Amino acid sequence: MLDPELLERITARRAELDELEERLAKELAEVRAERDELAVAERVLERVSGQLAEERASDLPAPGQVAGRAVMLIPHREPGVEESTLPPDYQRILTVVRQAAGPVMAREVGEAVGVDISVRAKLEPLRGKLVRLVDRGWLRKLPDGRFTTRL
């Protein structure tokens, strides 16, 4: 004959194990779901990082070659570096900004150099050139987005 006390302990332990199994199964499902989310986040991060690297690389001026050495096509403004070292379209932009009565917007520069300012795709490259001139010290960009010559 089976011991009723032992049978009761076995039944209680089985109930504990069933409860533990249920809790562990739930936790395992949560871990797997989080792992799947992390895998997706990792793929997104890799894709975005690649896109940012491409954008940064495309923002850098392509180096030209002089005597077999790479040189920056838009040099930094430094003593001894003449405006004439800039490509002609950048020289025209500087001239327009310098001749303006005050700080100018990219649209105003575009009108003066003959860019179709009604087409955003044509205005944005001009804005990029203005920003590049700012980055190299040839122009100054005001907080309101207008451009002016450096002092």
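Bear in mind that the values here come from a model prediction, so they are computed numbers and not experimental data. (Residues numbered from 1 in each chain as written. Predicted model: local features only at pLDDT ≥ 70, side-chain atom pairs only at ≥ 80, totals over all residues. Heavy atoms only, no water.)

Colleague: Hey, could you run me through the pattern of salt bridges in this one?
Modeller: Pairing between side chains of opposite charge can happen when their charged atoms approach one another. Taken as a whole, this structure holds six salt bridges when the rule is applied. Across the salt bridge formed by Arg-13 and Glu-16, the nearest N and O atoms sit 2.9 Å from each other. Of the two residues, Arg-13 and Glu-16 are both situated in helix H1 (residues 4–59); the distance of three residues between them amounts to about one turn of the helix. Here Arg-13 falls in the partly exposed class, since its relative accessible area comes to 45%. A salt bridge links Arg-120 to Glu-124, with the shortest nitrogen-to-oxygen separation between them at 3.9 Å. Pair noted here: Arg-120 and Glu-124 are both in helix H4 (residues 120–135), with a separation of four residues, about one helical turn. Taking relative accessible area as the criterion, Arg-120 reaches 62% and is therefore assigned exposed. Counted as one network, the salt bridges with shared partners bring together Arg-120, Glu-124 and Arg-127. (Salt bridge = Lys/Arg side-chain N within 4 Å of Asp/Glu carboxyl O. Helix = DSSP H or I, 4+ residues; strand = E, 2+ residues; numbered from the N terminus. Buried < 20%, exposed > 50% of the residue type's maximum accessible area, 1.4 Å probe, protein only.)

Colleague: It is not clear to me how the packing of helix H3 (residues 106–113) against H4 should be interpreted in this structure. Could you clarify?
Modeller: Packing of H3 against H4 brings their axes to within 10 Å, and their N-to-C directions diverge by 105°. By the angle class used here, H3 and H4 are roughly perpendicular. Within the contact between the two elements, H3 uses Ala-106, Arg-107, Val-109 and Gly-110 and H4 uses Leu-123, Leu-126, Arg-127 and Leu-130. Grouping the amino acids of the contact of H3 with H4 by side-chain chemistry returns five nonpolar, one polar and two charged. (Axes fitted to C-alpha atoms, helices over the stretch in contact; angles between N-to-C directions. Parallel < 35°, antiparallel > 145°, perpendicular 65-115°, else oblique. Contact = heavy atoms within 4.5 Å. Nonpolar A, V, L, I, M, F, W, Y, C, P; charged D, E, K, R; others polar.)

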